[in-house]
Each structure stands twice: as structure tokens, then as C-alpha cells.
Amino acid sequence: MKQNSVYKDSLILGFAIFSMYFGAGNVIFPPYLGLISASDWKISFFAYFLADIGFATIAMFALLKAGGNVDNLTSKLGKINGKILMAIVILCIGPLIALPRTGAVTYEMLIIPYFGDSSLNSIITSIFYFGLILFFTLKPSSMIEILGKVLSPLLFISLLILIIKGVITPLGDIVKNDKNDTIFFDGLILGYQTLDMLAALAFGIIVVKLLKSKGYSDNKTTFKVVSNASILAAFGIMLVYFGLAYLGATTSSLYGSDIEKVKLLNLIIYNLFGSNASIVLAFVVFLACFTTGAALVSVTAEYFSKISNGKFSYKQLVVLTSLFAIFITNFGLENIINFAAPILFIVYPAVIVLVFLTFFDKYITNQNIYKFTSFATIFYSIFELISNSYFKFEFMQEIPFYNEGLAWIIPAIYFYL
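Our next topic: the overall build of the protein chain. Scanning the protein chain for helices and strands turns up 18 helices and 0 strands. Its C-alpha radius of gyration of 21 Å places the protein chain within 12% of the 22 Å reference for a compact globule of 417 residues. Within the span of the protein chain, comprising 417 residues, buried residues form 54% of the whole. When contacts within the protein chain are restricted to residue pairs at least 6 apart in sequence, those whose partners lie at least 24 apart make up 82%. As displayed, the protein chain has an accessible area near 18700 Å², and 67% of this comes from carbon and sulfur atoms. Where the 26 positive side-chain charges of the protein chain centre and where its 22 negative ones centre are 16 Å apart.

Relative placement of two packed helices is described by the angle separating their axes and the distance separating the axes. For the pair helix α3 (residues 41-65) and helix α10 (residues 183-192), the least separation of the axes is 7 Å and the interaxial angle reads 30°. The angle between the axes of α3 and α10 places the two elements in the roughly parallel class. α10 is crossed by α3, and the crossing has right-handed handedness. Between α3, through I43, S44, F46, A47, Y48, L50, A51 and D52, and α10, the contact on the second element is made entirely by I183, F184, G187, L188, L190, G191 and Y192. Within the contact of α3 with α10, the residues separate by chemical class into 11 nonpolar, 3 polar and 1 charged.

Right, let's talk about the nonpolar core for a bit. Grouped together as the largest cluster of nonpolar side chains are 140 residues, with contacts concentrated most on L13, F18, Y21 and F22. For this core, the leading source of residues is helix α14 (residues 277-307), giving 15 residues. In contact with F18, other than residues within four places in its own chain, are S152, L155, F156, L159, A233, G236, I237 and V240.

Let us now look at the pattern of salt bridges. Tallied over the entire structure, the rule returns 3 salt bridges. With a shortest N-O distance of 3.7 Å, K83 and D71 are connected by a salt bridge. One end of the pair, K83, is in helix α5 (residues 79-96); the other, D71, is in helix α4 (residues 70-74), with 12 residues separating them in the sequence. On the basis of relative accessible area, K83 is assigned to the partly exposed category, the value being 35%. Of the charged contacts, one joins D71 and K306 as a salt bridge, the two residues approaching to 3.6 Å between their closest N and O atoms. Of the two residues, D71 is situated in helix α4 and K306 in helix α14; the sequence distance between them amounts to 235 residues. Residues joined by salt bridges that share partners form a network here, namely D71, K83 and K306.

A separate point is the packing of aromatic side chains. Scanning the entire structure with this criterion turns up 24 aromatic pairs. With centroids separated by 6.5 Å and ring planes inclined at 80°, the aromatic side chains of F29 and Y48 adopt a geometry described as edge-to-face. Taken as a pair, F29 in helix α2 (residues 24-37) and Y48 in helix α3 lie far apart in primary sequence, 19 residues in all. According to the relative accessible area criterion, Y48 is buried, its value standing at 1%. Ring geometry for Y414 against F415: centres 5.4 Å apart, planes inclined by 85°, an arrangement best described as edge-to-face. Owing to a relative accessible area of 42%, F415 belongs among the partly exposed residues under this scheme. Pairwise contacts between aromatic rings join F15, F18, F22, F29, W41, F45, Y48, F49, F156, Y241, F242 and Y246 into one cluster.

For the rest of this paragraph, the subject is the packing of helix α6 (residues 98-110) against helix α15 (residues 314-329). Axis separation between α6 and α15 bottoms out at 8 Å; the angle between their running directions is 55°. Here α15 runs oblique to α6, going by the angle between their axes. Here α6 and α15 pass one another in a crossing that is right-handed. In this structure, α6 contributes L99, P100, G103 and A104 to the contact, and α15 contributes T321, A325, I328 and T329. Residues belonging to the contact of α6 with α15 are distributed by class as follows: 5 nonpolar, 3 polar and no charged.

Defined simply, a disulfide is a covalent bond joining two cysteines at their sulfur atoms. The tally for this structure, following the rule as stated, stands at 0 disulfides. You can see C289 has no disulfide; the closest cysteine sulfur is in C92, sitting 19 Å from it.

All right, on to the side chain of S126 then. Take S126: it is sitting in helix α8 (residues 119-137). Here the side chain of S126 touches I123 through a polar contact of 2.9 Å, landing on its backbone oxygen. Those residues in contact with S126 that lie beyond four places of it in its chain are G131, I326, T329 and N330.

Let us look at α10. Burial analysis of α10 places 7 of its 10 residues in the buried class, the great majority of the element. If you check which residues of α10 are buried, you get I183, G187, L188, I189, L190, G191 and Y192.

Another point: a nonpolar patch on the surface. Where nonpolar side chains cluster on the molecular surface, the patch consists of F359, F360, Y363, I413, Y416 and L417 and spans about 660 Å² of accessible area. One can find F360 in the loop between α16 (333-358) and α17 (368-389).

On to the environment of F290. Tracing the sequence through the fold places F290 in helix α14. The buried category is assigned to F290, whose relative accessible area is 8%. Residues F290 and L132, 158 residues apart in the sequence, show an inter-C-alpha distance of 8.7 Å. Not counting the four nearest positions on each side in its chain, F290 is found in contact with Y129, L132, I133, F136 and L151.

Conventions and cut-offs
- Residues numbered from 1 in each chain as written.
- Predicted model: local features only at pLDDT ≥ 70, side-chain atom pairs only at ≥ 80, totals over all residues.
- Heavy atoms only, no water.
- Helix = DSSP H or I, 4+ residues; strand = E, 2+ residues; numbered from the N terminus.
- Rg over C-alpha atoms; globule rule 2.2 N^0.38 Å.
- Buried < 20%, exposed > 50% of the residue type's maximum accessible area, 1.4 Å probe, protein only.
- Contact = heavy atoms within 4.5 Å.
- Areas by Shrake-Rupley, 256 points an atom, 1.4 Å probe, with all protein chains shown as cover.
- Lys, Arg positive; Asp, Glu negative; His and termini not counted.
- Charge placed at Lys NZ, Arg CZ, Asp CG, Glu CD.
- Axes fitted to C-alpha atoms, helices over the stretch in contact; angles between N-to-C directions.
- Parallel < 35°, antiparallel > 145°, perpendicular 65-115°, else oblique.
- Left-handed = near helix turned anticlockwise from the far one by under 90°.
- Nonpolar A, V, L, I, M, F, W, Y, C, P; charged D, E, K, R; others polar.
- Core = buried A, V, L, I, M, F, W, Y, C linked by side-chain atoms within 4.5 Å.
- Salt bridge = Lys/Arg side-chain N within 4 Å of Asp/Glu carboxyl O.
- Phe/Tyr/Trp six-rings, centres within 6.5 Å; stacked < 30°, edge-to-face > 60°.
- Disulfide = S-S within 2.5 Å.
- Polar contact = N/O pair within 3.5 Å; in protein donor to acceptor, adjacent residues only side chain to side chain.
- Patch = residues over 30% accessible without salt bridge, like charges linked within 9 Å, V, L, I, M, F, W, Y side chains within 5 Å.

Below, the structure is given as C-alpha cells:
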């Protein structure tokens, strides 16, 4: 494989990975963090980036370390356990939660303000939105090419224009932060809740398949292309997060922390672009949702086609996933978020533990350690969920990081040791 082809494919793939990660939530959260952090916005930006794209990039490297095959990674929990965990992950980031959430965000941000909220509007919007995605994802290799060459650069340039305008003409003064002393954890938790680490494992499936179709047969070159692309995508997202957090900080003298995240973004764009604000917002939000949604449909179809040994074709599953996403989308954004919370609360810690342990594989002589630590976090998370929802166990509040939602770290370390 020629060196210039490696660099060209790394660049295209880097932009594609950027757009896969960068959904509507990634546009909405950083400005709000900047607002509530005020003069300390750089701290919350760093924490958010670390827990979001930092973790996602680590997950991508863990996948590469496992030979680019996600089954090699999850099978450390046992062949059946690993497949069950990965299937749950794919369903969470696919048709059950993250995918319909992109459709619901598109509807709530772009349709309701102008045409009102009604069942008919929601159904029409979801059919149109997922119909476009269906058409776009029927050929996964073409989808990656279009993402990397066209849609992702458009999204990146649009966000840079927004940020540069905000730097040239700041919206207001950045006030001193003397109210919020938990800004690092605020950023960490918001980044943790984006689920991009889960998405990275899933996106790796279509990324590795694409490279094989392009003739990358040896692991060394594949590793080089994917690692270059992942770092490029992470750097691009870091620039965007940094800029958006700064824009939010410049509104700290204008708005209170009780403002809704979507409304804050609307106001920032309106104050920067005036009457053209709605066009700018529609363009950015649609591109962010659409590029992520297309990747999620593709990876869902790819994974379940693989584990069914071809009994269900990729194209059949693209259609089924899109139809199911239309159905779930019409339950509304709040209902999707409420449904997702307990599932992700249980699954996400186990995936984080599995990914991080992969980097210490050569020091792990007993493979049961993977099972002990991962299942310990699952059982603890279930126990904490019961405590939070039904029976209050006071002693749990004494566990370190309980208030931050990260207390599962303690049983994970204990069972590892």
C-alpha cells in the first residue's frame, strides 16, 4: 500500500470518524459547560473532552489491540457473555436509544419551533429523516467515503465559522467563577454520559471492514490508518469543544445556569448571526444528527448480519433498523432518555472496565479477572439503581464518588485486586 494512499485514507477516515461521534448532544453540551464554569471553562472543557472523546479514542485503540475484531475483546468475558454484552451495546447506540434520539432531536430543534408539535408532524419528520438515512447507508463503503469527503468537512467548517465569529465578536464578558466548585466533575459526568466510548467499539466494526475492502490486509498498516484517523478526529473535536465551551463562557454574564441547553445554543447562534440564525442552526444540527444517525444504522446492520452468519443480510437489517427507529422516535425525546438511563447505567461501567483492562492484558495471568471486575460493576450498578429507585440504602452514600455517579470504580478495583 503506497504511503500517500495511507495518509489520504487516514484523512478521509478521520473526518468520517469525527462525524460519527459528533451528534447533536456534542454541540449542545460544551456551551452549557462554558456557561456554568464561567472563568474556569477550560477546566470543564478538559474534563468533558477526556471522558468523551478521550475514552472513545482509548476504546478504538483497545479494539485495534484486539486485532480489530470486537469479538476478540468481548470474548474475554466468555464467548456467550461477550456476545450478549456487545449485542446490548449495539442495541443501545442503535435502534433502541441513540439512533432514535438523533431523529427526536432533529424534530424538536428544527420542526417544532416552526411547525408546532403534533403526532402527524413527528411521524412525517421521522419517515423523511430515516428514509434519507436508509438511502444513504445501503452501501457502507460509499457512506464512509461521503462522510469523510463531503458531509463531515461541511459540518467541521460550519462549526469553525460559528466559533470564529464568536471569538471575533464576543457575546459578553466572562465572569469570575465563585459559585460552582464541582466544574471538573460536571464536565466529566457530561462527557461520560455521551456514550461515545460505546460508539467507538461499534464504529470500529465498519471502519475495519472498510479498510479490508480497500485492500488493507496486514494488521500493521490497518493499525496505522485507524490510529492516525482516530487521533485526527479527536484533535478536530477537541478544537470544536474548546471553541464551543468558550462561546458558552462568554454568555456567563448574560444567562443563568437554569437555562435549557438547547435554548442557550439557539440564543448564541441568534446573537451571532441575527435573522440568519435559524438557517445556521438547522444546517449544523441536521448535519450533526444525520451523520451520526447514518453511522449508527450502518453499524447495527453490520453487526447483526455478522452474528447471524448472513441469515439476515446487511441491506435487510438496514431497512429493519430504520423502520424500528421511526417507531421509537415517535415516543419523544424525553421518553427515550428516561428509558435509556437505567440500561446505560448498568452496561456502560462494564464496557469501560473491559476496555481499560485490555491495555494490561500481558500482566493478567488469570483471565477470570476480566469476568470478576466487569460483572462486579454490573451487579453494583444494578444494586445502586435499586437503591436510587426503590429502597434507599444509606450506607451506599458513603462510598467514594457516589454523588458523582462513579462509585462503581471501587468494586471494580476491589475485584481486580
